[in-house]
Amino acid sequence: MNYQAILLFGAPGSGKGTQGQMVGRIPGFLHISTGDLFRSLDKDSETGRIFAQYANKGLLVPDDVTVGLLKSHLEKTVCSGAFDPKKHIVILDGAPRNVNQARLLKEMIDVRKIIYLKAANVDRMVERLKNRALSSGRVDDADEQVIRHRMTVYANETAPVLACYDKDLICCIEADQSIIRVFSEVVNALVPVKEALEQQS
Ligand code: AMP
């Protein structure tokens, strides 16, 4: 199966989840966050335990586990009729998170645009994540050491993913703007992609 996809790219705390949820409410778009998929697992399941083992230290879950979970979730969504790959677009939030995942996903997704939420101020993102921990109960957001480690993982493993794609696909948006302004820029970038797909189908 080949899925038409938009990648939501950016450091932890840059606003990918917020923007992804809003775009996911637009008809024809399906928001999938790999972090949310992991958190929705039964904590006592094998994958749930693997997730906790890595996420609690601010590390990436192994690639085979991550890509396997994403693939089976997409297949279930198609089987349930909630998602039609011929008409709909997946907003992928949080994957690929390293160069190997980009390679593994190449067979599965056709990347139409990469929304790169660029945030210059790391301390501000750390504060954002610490505040989110109070409301979400996320263990990996509660500990500043773990958050800082996630930022390092992002810089070392995730940032190089951008170089795997044609630079014309990348739309860089300043993440330190109001949520609604970022959203308007995200929507502007998505309109041509959606219209082109509508003409094809
Ligand atoms: P997030 O909600 O996107 O911040 O993800 C929370 C945690 O889930 C990460 O710190 C990783 O441990 C794990 N995770 C989410 N997406 C991925 C991915 N694509 N590859 C590996 N681990 C991931």
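Everything numeric here is computed off the predicted structure, so don't read it as measured data.

Engineer: Help me out: how do you make sense of the site of the ligand in this one?
Structural biologist: Taken together, the neighbourhood of the ligand is formed by 17 residues, with Thr34, Arg39, Leu59, Gly94 and Gln101 sitting nearest. Within the side chain of Arg39, one N or O atom sits 2.9 Å away from an oxygen atom of the ligand. For the ligand, an oxygen atom lies 3.0 Å from a polar atom in the side chain of Arg150. More than half of the atoms belonging to the ligand lie within 2 Å of the grid points that define the largest pocket. At the level of elements, helix H2 (34-39) and helix H3 (46-55) are the ones that each hand at least two residues to the shell around the ligand. With four residues, H2 is the single largest residue contributor to the shell around the ligand.

Engineer: What exactly am I supposed to notice about the pairing of strand S1 (residues 3-10) here?
Structural biologist: Look at any regular strand and the pattern is simple: side chains alternate between the two faces of the sheet. Most of S1 sits out of view: eight of its eight residues are buried. Covered by surrounding structure in S1 are Tyr3, Ala5, Leu7 and Phe9 together with Gln4, Ile6, Leu8 and Gly10, the residues of both alternating faces. Direction of pairing for S1 relative to strand S4 (residues 109-118): parallel, over a ladder of eight bridges. Bridge assignment links Tyr3 to a residue of S4, and that residue is Ile109. By the bridge criterion, four bridges tie S1 to strand S3 (residues 89-93) in an arrangement that is parallel. For Leu7, the partnering residue across the bridge sits in S3 and is Leu92.

Engineer: What exactly am I supposed to notice about helix H9 (residues 179-200) here?
Structural biologist: Spacing of three or four residues puts side chains on the same side of an α-helix, whose turn is 3.6 residues. The terminal C-alpha atoms of H9 lie 32 Å apart, and with 22 residues this matches the ideal 32 Å at 1.5 Å per residue to within 8%. In H9, a bend of some 30 degrees at Leu190 exceeds every other bend along the element, and Pro192, a proline, comes one to four places later. If you check which residues of H9 are buried, you get Val182, Val186, Ala189, Leu190, Val193, Lys194 and Leu197. Packing partners of the buried residues in H9 comprise S1, helix H1 (16-24), strand S2 (29-33), S3, S4 and strand S5 (170-174).

Scoring rules and cut-offs
Residues numbered from 1 in each chain as written. Predicted model: local features only at pLDDT ≥ 70, side-chain atom pairs only at ≥ 80, totals over all residues. Heavy atoms only, no water. Near = heavy atom within 4 Å. Polar contact = N/O pair within 3.5 Å; in protein donor to acceptor, adjacent residues only side chain to side chain. 1 Å grid on protein atoms, 1.4 Å probe; cavity = no way out; pocket = protein on both sides within 12 Å on 5 of 7 lines; lining within 4 Å. Sits in = over half its atoms within 2 Å of the grid points. Helix = DSSP H or I, 4+ residues; strand = E, 2+ residues; numbered from the N terminus. Buried < 20%, exposed > 50% of the residue type's maximum accessible area, 1.4 Å probe, protein only. Pairing = 2+ DSSP bridges. Expected span 1.5 Å × (residues − 1). Bend = angle between axes of the 7 residues up to and from the residue. Contact = heavy atoms within 4.5 Å.

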